Amino acid sequence: MAKNPMRVAVTGAAGQIGYSLLFRIANGDLLGKDQPVILQLLEIDNEKAQKALKGVMMELEDCAFPLLAGMSAHSDPMTAFKDADVALLVGARPRGPGMERKDLLEANAQIFTVQGKALDAVASRNVKVLVVGNPANTNAYIAMKSAPNLPAKNFTAMLRLDHNRALSQVAIKSGVPVSQIHKMCVWGNHSPTMYADYRFAVTDDGKSLKDLINDEQWNRDTFLPTVGKRGAAIIDARGASSAASAANAAIDHVRDWVLGTNGEWTTMGVPSDGSYGIPEGVIFGFPVTTENGEYKIVQGLAVDEFSQERINNTLKELEEERAGVAHLLK
Ligand SMILES: NC(=O)C1=CN([C@@H]2O[C@H](COP(=O)(O)OP(=O)(O)OC[C@H]3O[C@@H](n4cnc5c(N)ncnc54)[C@H](O)[C@@H]3O)[C@@H](O)[C@H]2O)C=CC1
Ligand SMILES: O=C([O-])CC(=O)C(=O)O
């Protein structure tokens with residue numbers, strides 16, 4: 001028997017990530033090739049953005065996707081998030097000329113407060129929320145705090161792009177294909193302070209990638225800066241921030257959350273439960289496994305002195321961001 005459609009809300013739907021994301025969702029890449037979807041698309045209440053969104057919807061229509069059971073355009077999160085099973089919060093305020101980090105945090109805090117409240121009011125009680133818009137961890141924190149009637153665990157931030165970047169860099173260095181590398185993870189904030197960590201990574205036949213690479217200087221001087229500053233390198237090369245790879249990571253994140261990782265590790269930004277000394281509620285990148293629509297933080301990993309320093313550093317940045325928006329959450 002055909003499954004009932006699931007409702008997927010996407011914000012910033014006429015933006016560049018949206019353009020790479022929506023077609024894949026409609027193609028069944030997000031929720032499975034037997035799962036019909038209804039797209040509920042949110043853009044700002046502006047004639048140009050709404051017109052662009054209409055254009056994207058015309059193209060979606062022209063693909064005649066068998067799994068696309070419906071779609072609608074919105075300028076109000078209260079209608080866009082109605083009964084949403086999945087919410088991909090991509091739209092955010094980009095940094096403008098002369099804007100300080102604090103101004104950026106505040107501008108986004110406004111957006112994610114409103115959207116968190118709307119999710120709280122109208123979304124499915126099981127809605128799975130992924131925040132992509134930057135600063136992703138803090139935006140997810142704001143949305144979570146603005147939705148007290150939804151389980152906090154339903155709010156996540158995207159570190160999967162960092163995870164995928166780390167996988168590819170380790171694959172290139174070691175010569176082991178990405179498909180044969182397991183137990184990669186990235187800790188912390190989606191920012192250059194993140195700590196990409198291949199200490200636990202193993203090949204299909206259980207060989208340690210750290211031993212195979214055996215180059216601590218490469219780890220510290222090449223790998224970590226390459227992964228940490230990859231977003232800026234893409235902007236420099238393309239003249240625009242990563243879009244297709246970001247959309248791909250969003251698909252990976254939600255697909256794994258919904259459909260499970262079969263014991264494989266992945267990275268998700270999730271509200272801390274106190275694991276590894278990260279204060280409860282901070283949205284932090286952790287290694288996780290997923291099963292039956294739930295994620296579990298991988299426990300019991302050894303944290304050496306260098307790793308602890310890195311984790312402390314990315315946590316400090318997240319706590320500063322949190323302090324910077326605290327007055328807006330009262
Ligand atoms: N977490 C991650 O790994 C990554 C995050 N990003 C972030 O994703 C966000 C989106 O990137 P792009 O699609 O390239 O940007 P974009 O500027 O092309 O598109 C953003 C869209 O969001 C819309 N928007 C803005 N505020 C909105 C609101 N309140 N409600 C609904 N829509 C709204 C805009 O009108 C625009 O169409 C940015 O914040 C970017 O920094 C990008 C790459 C990776
Ligand atoms: O750096 C940016 O603005 C986009 C981003 O988050 C990334 O590519 O990781």
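Residues numbered from 1 in each chain as written. Chains lettered and ligands numbered in written order. Predicted model: local features only at pLDDT ≥ 70, side-chain atom pairs only at ≥ 80, totals over all residues. Heavy atoms only, no water.

Per an unreviewed UniProt entry, the recorded name for the protein is Malate dehydrogenase, and the organism is Massilia horti. The record held by UniProt for the protein lists under Function (unreviewed entry) the comment "Catalyzes the reversible oxidation of malate to oxaloacetate." The UniProt entry for the protein carries this comment under Sequence similarities (unreviewed entry): "Belongs to the LDH/MDH superfamily. MDH type 2 family." (UniProt positions renumbered as here; feature names shortened; annotations may be inferred.)

Enquirer: Please give an account of the site of ligand 2 that cites residues and values.
Expert: Around ligand 2, the structure places Asn134, Arg165, His190, Gly231, Ile235, Ser241 and Ser242. Between an oxygen atom of ligand 2 and a side-chain N or O atom of histidine 190, the distance comes to 2.7 Å. The separation between an oxygen atom of ligand 2 and a polar side-chain atom of serine 242 is 2.4 Å. In the complex, the protein chains occlude 74% of the 270 Å² of accessible area that ligand 2 would expose alone. Tallied by class, residues from the shell around ligand 2 come to one nonpolar, five polar and one charged. (Near = heavy atom within 4 Å. Polar contact = N/O pair within 3.5 Å; in protein donor to acceptor, adjacent residues only side chain to side chain. Areas by Shrake-Rupley, 256 points an atom, 1.4 Å probe, with all protein chains shown as cover. Nonpolar A, V, L, I, M, F, W, Y, C, P; charged D, E, K, R; others polar.)

Enquirer: Tell me what's going on with the site of ligand 1, and back it up with residues and numbers.
Expert: Taken together, 23 residues lie around ligand 1, and Gln16, Ile17, Glu43, Val132 and Asn134 are the ones closest in. Between valine 132 and ligand 1, the recorded distance is 3.2 Å, taken from a backbone N or O atom to a nitrogen atom. Protein chains shield 81% of the accessible area of ligand 1, which is 860 Å² for the free molecule. Of all the elements in the fold, those that place two or more residues in the shell around ligand 1 are helix H1 (16–26) and helix H4 (101–122). Summarising the domain contributions, the shell around ligand 1 has at least three residues from each of domain 1 (6–157) and domain 2 (159–324). (Helix = DSSP H or I, 4+ residues; strand = E, 2+ residues; numbered from the N terminus. Domains from an automatic or database assignment.)

Enquirer: Lay out the UniProt feature "binding site: NAD(+)" (unreviewed entry) in the protein with the relevant residues and their values.
Expert: When the UniProt feature table is mapped to this numbering, "binding site: NAD(+)" (unreviewed entry) covers Gly12, Ala13, Ala14, Gly15, Gln16, Ile17, Gly18, Asn108, Gln115, Val132, Gly133 and Asn134. Of note, alanine 13 is situated in the loop between strand S1 (6–11) and H1. Note on alanine 13: relative accessible area 0%, which makes it buried. Excluding residues within four positions of it along the chain, alanine 13 makes contact with Gly18, Tyr19, Leu22, Leu41, Leu42, Glu43 and Leu53. Its location among the elements puts valine 132 in the loop between strand S5 (128–131) and helix H5 (136–145). (Buried < 20%, exposed > 50% of the residue type's maximum accessible area, 1.4 Å probe, protein only. Contact = heavy atoms within 4.5 Å.)

Enquirer: How would you explain the domain arrangement of the protein if you had to name every residue and give the values?
Expert: The assigned domain composition of the protein is domain 1 (6–157) and domain 2 (159–324). If you average the C-alpha positions of domain 1 and of domain 2, the two centres end up 23 Å apart. The interface of domain 1 with domain 2 comprises 31 residues on the first partner and 36 residues on the second. Summed over both sides, the interface between domain 1 and domain 2 buries roughly 2,700 Å², with carbon and sulfur atoms accounting for 63% of that surface. For the domain 1 face of the interface with domain 2, the top three residues by lost area are Gln16, Lys128 and Asn137, together amounting to 22%. Counting across the domain 1 and domain 2 interface gives one salt bridge. Here glutamate 294 ties to lysine 153 by a salt bridge, and the two come within 3.4 Å at their closest N and O atoms. There are 13 residue pairs in polar contact (both at pLDDT 80 or more) connecting domain 1 and domain 2. The set of elements that each furnish at least two residues to the side of domain 1 that touches domain 2 consists of H1, strand S4 (86–89), H4, S5, H5 and strand S6 (155–157). In terms of residue count, the dominant contributor to the side of domain 1 that touches domain 2 is H1 (six residues). (Buried area = accessible area lost by both parts, 1.4 Å probe. Salt bridge = Lys/Arg side-chain N within 4 Å of Asp/Glu carboxyl O.)

Enquirer: I'd like a description of the UniProt feature "binding site: substrate" (unreviewed entry) in the protein, backed by residues and values.
Expert: Under the UniProt annotation, the feature "binding site: substrate" (unreviewed entry) is placed at Arg95, Arg101, Asn134 and Arg165. On the basis of their most widely separated C-alpha atoms, the annotated residues across 71 residues do not gather in one place, lying as much as 24.6 Å apart. Along the chain, asparagine 134 turns up in the loop between S5 and H5. Residue classification places asparagine 134 among the partly exposed positions, given a relative accessible area of 39%. With near-sequence residues (within four places) excluded, asparagine 134 lies in contact with Ala92, Asn108, Asn139 and His190.

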